[in-house]
Amino acid sequence: MALELEGTLIKVQPEQTGSGKNGQWVKQEFVVETQEQYPKKACFSAWGDRTADLKQFALGDKLKVTFSVESREYNDRWYTDLRAYRIELASESSATASAPNTYQAPAQRPATPQASSVDLPSFSEDEDLPF
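Keep in mind the model is a prediction, meaning the values are calculated, not measured.

Rules behind the numbers
Residues numbered from 1 in each chain as written. Predicted model: local features only at pLDDT ≥ 70, side-chain atom pairs only at ≥ 80, totals over all residues. Heavy atoms only, no water. Helix = DSSP H or I, 4+ residues; strand = E, 2+ residues; numbered from the N terminus. Polar contact = N/O pair within 3.5 Å; in protein donor to acceptor, adjacent residues only side chain to side chain. Contact = heavy atoms within 4.5 Å. Pairing = 2+ DSSP bridges.

(A) Local environment of the environment of Gln 56. Inspection of the secondary structure assignment puts Gln 56 in the loop between helix H1 (50-54) and strand S5 (62-74). Taking the C-alpha atoms as reference, Gln 56 lies 9.6 Å from Glu 88; in sequence the two are 32 residues apart. A polar contact of 3.3 Å, which involves the side chain of Gln 56, links it to the backbone oxygen of Asp 53.

This is how it looks when you write it as structure tokens:
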């Protein structure tokens, strides 16, 4: 399942390296903030060659990140990772298309019928109301 998110690059963490059963690994985390009415921040991890791709972007760049979500359990706790597998500059046309909609006034209401065209019961001040 491929997911996409567009936003502004606001933080890049230092690279982390290590070795595991499959050899050496390198990982770098970065944070992207969405451009919505209520902006949200998401921390992604770039693994292997994707860390080199991340170096071409500067803080403040508008990015489009394609990622997958993976969760795993350790000691009865769950950890979720957003793994970026494609990082690219957001195109201007898609950035404007994903911009939040501005408020538009509703269309003018149709004219309401005149009171004279509706038959309403008439009451005099001496009569009691039915409720």
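(B) Representation of the environment of Pro 39 in the model. Note on placement: Pro 39 falls in the loop between strand S3 (23-33) and strand S4 (41-47). In this structure the C-alpha to C-alpha distance between Pro 39 and Gly 7, which are 32 residues apart in sequence, comes to 9.1 Å. Those residues in contact with Pro 39 that sit more than four places away from it in its chain are Glu 33 and Thr 34.

(C) Summary view of the pairing of strand S2 (residues 16-20). The pairing of S2 with S3 spans five bridges and is classified as antiparallel. Of the residues in S3, the one forming a bridge with Gly 20 is Gly 23. Here S2 hands over to S3 after two residues, the two strands then running antiparallel side by side.

(D) Highlighting unusual backbone geometry. Positioned with a positive phi, Asn 75 is a non-glycine residue whose angle comes to about 55°. Even without glycine at this site, Asp 76 takes up a positive phi of about 65°. Counting through the fold element by element, Asp 76 comes out in the loop between S5 and strand S6 (77-89).

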